[in-house]
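Chain by chain, the residues run as shown.
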Amino acid sequence: MTLLLGFGAVNTGNNLLYLLVSALLGFMAVSGLLGKSNLGRPRVQLILPAEIYAGLPAPVRVRLHNDRRRPVFLLQVELLGERATFKVVGGGETAEEELTLHFPNRGRQIIGQARLSSIFPVNFFVRGRTIKLNLPTVVFPAPRPCRPLAPADEHPRPGEALAAGKGQQGEISRIGDYRGGEPLKQIHWKLSARGDQLLVKELAATAALPVLLDLDNLPGHSLEERLSGATFLVNRYLRQNRPVGLRLGRRLIRPATTRSHRLHLLTELGTYGQG
């Protein structure tokens, strides 16, 4: 009788163990299905800043589009060692997070892929997959403080060019009516005396002298130092609204002041010597 009770206890313990193991396996299976479904096929988009400099932090926006009707939870996008976490993205919605990337070298580069992962529904397993991006970008040289060029090195044109618009210095562009806001020194007294209304001299604003940066003549012990110095000077002079040009060996880029021109100069410096 005692022996039969012992066997019954053992069988009862085994049955409980089997039930427990079965419940755990079932939980793992359900968790796996939910986790795989949660990853789904969301679209990941990177929005890079217009200016990326080697070695400096670059804020990048990560945009995640959930095309499904159901929400997704605890998604994480890993890119170049940095991670952006999306806690909840509703069905059909788009969420955006920001992360900071660092590019150590200048030049043309391609962000090849990102890693999408999630710990949902429980933090027992991390499921993930690779997302191909193949996003090209150009990294500009790191700006290195460089002394401004001496006037003799800037290659200015003789005289000052006339800019569009009015100013308080420069040559007379036309004679106009006095409107009450012009300085007294701009009133044309001789012509005003001939009529019943005050007339003023409208002067053309003088444009700043253009600057031509010659990469070979800039200070620096290496090509990279000269490129970094040129990057610093391009940004400095254009902030002063001075037209800047660039000489790269036999190539000449004529001076201008627009934002697109500045990005063009920085791109030329970033890709110089890389074919």
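Data block above holds the structure.
Residues numbered from 1 in each chain as written. Predicted model: local features only at pLDDT ≥ 70, side-chain atom pairs only at ≥ 80, totals over all residues. Heavy atoms only, no water.

(A) Focus on the overall build of the protein. Within the protein, the regular secondary structure consists of four helices and twelve strands. Of all 275 residues assigned to the protein, the portion counted as buried reaches 34%. If you take every contact in the protein between residues at least 6 apart in sequence, the share linking residues at least 24 apart comes to 63%. As presented, the protein carries roughly 17,200 Å² of accessible surface, and 56% of it is formed by carbon and sulfur atoms. (Helix = DSSP H or I, 4+ residues; strand = E, 2+ residues; numbered from the N terminus. Buried < 20%, exposed > 50% of the residue type's maximum accessible area, 1.4 Å probe, protein only. Contact = heavy atoms within 4.5 Å. Areas by Shrake-Rupley, 256 points an atom, 1.4 Å probe, with all protein chains shown as cover.)

(B) Inspection of the sheet that holds strand 12 (residues 251–256) at higher detail. With respect to topology, three strands assemble into an open sheet ordered 10-11-12, the strand pairing being mixed. Whereas interior strands pair on both sides, the edge strands pair on one side only; in this sheet they are strand 10 (211–214) and strand 12. Strand-to-strand twist across the sheet, computed as the mean angle between neighbouring axes with direction ignored, equals 15°. With respect to the sheet, helix 3 (residues 223–239) is in contact with strand 10, strand 11 (244–248) and strand 12, its orientation differing from that of strand 10 by roughly 175°. (Pairing = 2+ DSSP bridges. Axes fitted to C-alpha atoms, helices over the stretch in contact; angles between N-to-C directions.)

(C) Up close: the nonpolar core. V62, L64, L75, V77, F86, F103 and L116 are the most contacted members of the largest nonpolar core, which totals 25 residues. Looking at this core, the elements with two or more residues in it are strand 1 (43–47), strand 2 (57–65), strand 3 (72–79), strand 4 (82–89), strand 5 (94–102), strand 6 (107–118) and strand 7 (127–139). V138, L227, Y237 and L246 belong to the second largest nonpolar core, which has 23 residues in total. (Core = buried A, V, L, I, M, F, W, Y, C linked by side-chain atoms within 4.5 Å.)

(D) Representation of the sheet that holds strand 1 in the model. Reading across the sheet, the three strands line up as 1-2-5 and stay open at both edges, with antiparallel pairing between neighbours. Looking at strand neighbours, the two that pair on one side only are strand 1 and strand 5, the edges of this open sheet. In this sheet, adjacent strand axes meet at a mean angle of 25° when their direction is disregarded. Note: strand 1 against strand 2, five bridges, orientation antiparallel. When the sheet's bridge partners are listed, R43 is paired in strand 2 with H65.

(E) Layout of helix 3. With 17 residues, helix 3 should cover 24 Å at 1.5 Å per step; its first-to-last C-alpha distance of 24 Å lies within 8% of that length. Along helix 3, the residues that are buried comprise R226, L227, S228, G229, A230, T231, F232, L233, V234, N235, Y237 and L238. Buried residues along helix 3 sit in contact with strand 10, strand 11, strand 12 and helix 4 (259–271). Positive phi shows up at N241, right after helix 3, with a value of about 65°. (Expected span 1.5 Å × (residues − 1).)

(F) Layout of the pairing of strand 2. Relative to strand 5, strand 2 runs antiparallel, the two sharing nine bridges. Paired with A58 across the strands is L101, a residue of strand 5.

(G) Structural view of unusual backbone geometry. Even without a glycine there, the phi angle at L80 is positive, about 50°. Tracing the backbone shows L80 in the loop between strand 3 and strand 4. In the Ramachandran plot, N134 falls in the positive-phi region, its phi being about 50° despite a non-glycine side chain. Looking at the secondary structure, you find N134 in strand 7.

(H) Quick peek at helix 4. Taking 1.5 Å of rise per residue, 13 residues should cover 18 Å, and helix 4 covers 18 Å from first to last C-alpha, within 8% of that figure. Residues H261, R262, L263, L265, L266, E268, L269, G270 and T271 constitute the buried set of helix 4. At the C-terminal side of helix 4, G273 shows a positive phi close to 80°.

(I) Geometry of the environment of V126. Here V126 shows up in the loop between strand 6 and strand 7. Sequence-distant contacts of V126, that is, excluding residues within four places in its chain, are made with S117, S118 and I119.

(J) Inspection of the environment of E51 at higher detail. Looking at the secondary structure, you find E51 in the loop between strand 1 and strand 2. Here the alpha-carbon distance between E51 and T267, two residues 216 residues apart in the chain, equals 9.5 Å. Filtering out sequence-adjacent residues up to four positions away, E51 remains in contact with F140, R262, L263 and L266. Reaching out from E51, the side chain makes a polar contact with the side chain of Y53 at a distance of 2.6 Å. In terms of polar contacts, E51 uses its side chain to reach the side chain of R262, at 2.4 Å. (Polar contact = N/O pair within 3.5 Å; in protein donor to acceptor, adjacent residues only side chain to side chain.)

(K) Focus on the pattern of salt bridges. Tallied over the entire structure, the rule returns eight salt bridges. With a closest N to O distance of 2.8 Å, R43 and D67 form a salt bridge. Residue R43 is located in strand 1, and its partner D67 is located in the loop between strand 2 and strand 3; the two are separated by 24 residues in the primary sequence. One salt bridge connects R251 with E268, and the closest N-O pair in it is separated by 2.7 Å. You can see R251 sitting in strand 12 and its partner E268 sitting in helix 4, a full 17 residues away along the chain. The class for E268 is buried, based on a relative accessible area of 16%. Put simply, R61, R63 and E96 are held in one network by salt bridges that share partners. (Salt bridge = Lys/Arg side-chain N within 4 Å of Asp/Glu carboxyl O.)

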